[in-house]
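If you want the building blocks of each chain, they are given just below.
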Amino acid sequence: LGTRHDAVRKNLSPLQFAIDTNIDEKTAIEMFYQCTTSEIGILNVHYILKCPICDKVMAIYEEYVNIPNMFTCSLCGEMKKDNEYVEIRFELIER
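Residues numbered from 1 in each chain as written. Predicted model: local features only at pLDDT ≥ 70, side-chain atom pairs only at ≥ 80, totals over all residues. Heavy atoms only, no water.

**Student:** When you look at the pattern of salt bridges in this model, what are you seeing that I'm missing?
**Tutor:** Working definition: two side chains of opposite charge can pair if their charged atoms are close together. Tallied over the entire structure, the rule returns four salt bridges. K50 is paired through a salt bridge with D55; the nearest N and O atoms lie 3.7 Å apart. K50 sits in the buried class, given a relative accessible area of 18%. Look at D55 and you get partly exposed, because its relative accessible area is 48%. With a shortest N-O distance of 3.2 Å, E87 and K50 are connected by a salt bridge. Residue E87 is found in strand 5 (residues 86-92), and its partner K50 is found in strand 1 (residues 43-50); the two are separated by 37 residues along the sequence. Connected through salt bridges with shared partners, the residues K50, D55, E87 and R89 form a single ionic network. (Salt bridge = Lys/Arg side-chain N within 4 Å of Asp/Glu carboxyl O. Buried < 20%, exposed > 50% of the residue type's maximum accessible area, 1.4 Å probe, protein only. Helix = DSSP H or I, 4+ residues; strand = E, 2+ residues; numbered from the N terminus.)

Pasting the structure below:
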């Protein structure tokens, strides 16, 4: 992960990592989440709430529990009552 370009290190995807390294997606996702724990602490996780209609980023959260169950897009006015439009990205912590 440390060999990636700066822009990529701020938006790491476990699914892309699985493709790049030829490991299964579930293993990659579990590995990325393990890397966010205080014991390992090399990745931060970000939950990005996006509008399903216009793809506008509504907000970025560091904890899943803080994501609201309902939101209205400030750009197109679309209202959603669930959080299935959350993109999960990881960021490599620079040391």
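Anyway, onward from the coordinates.
**Student:** Just checking my understanding: could you explain the sheet that holds strand 1 for this structure?
**Tutor:** Across a sheet, strands are paired by hydrogen bonds formed along the backbone, either parallel or antiparallel in direction. The antiparallel open sheet is built from three strands, whose spatial order is 2-1-5. Of all strands in the sheet, those with a lone pairing partner are strand 2 (57-61) and strand 5, marking the two edges. Put simply, the sheet's adjacent strands are angled 25 degrees from each other on average, direction ignored. Here strand 1 runs beside strand 5; their pairing, made up of seven bridges, is antiparallel. Looking at the pairing, Y47 lines up with I88 of strand 5. (Pairing = 2+ DSSP bridges. Axes fitted to C-alpha atoms, helices over the stretch in contact; angles between N-to-C directions.)

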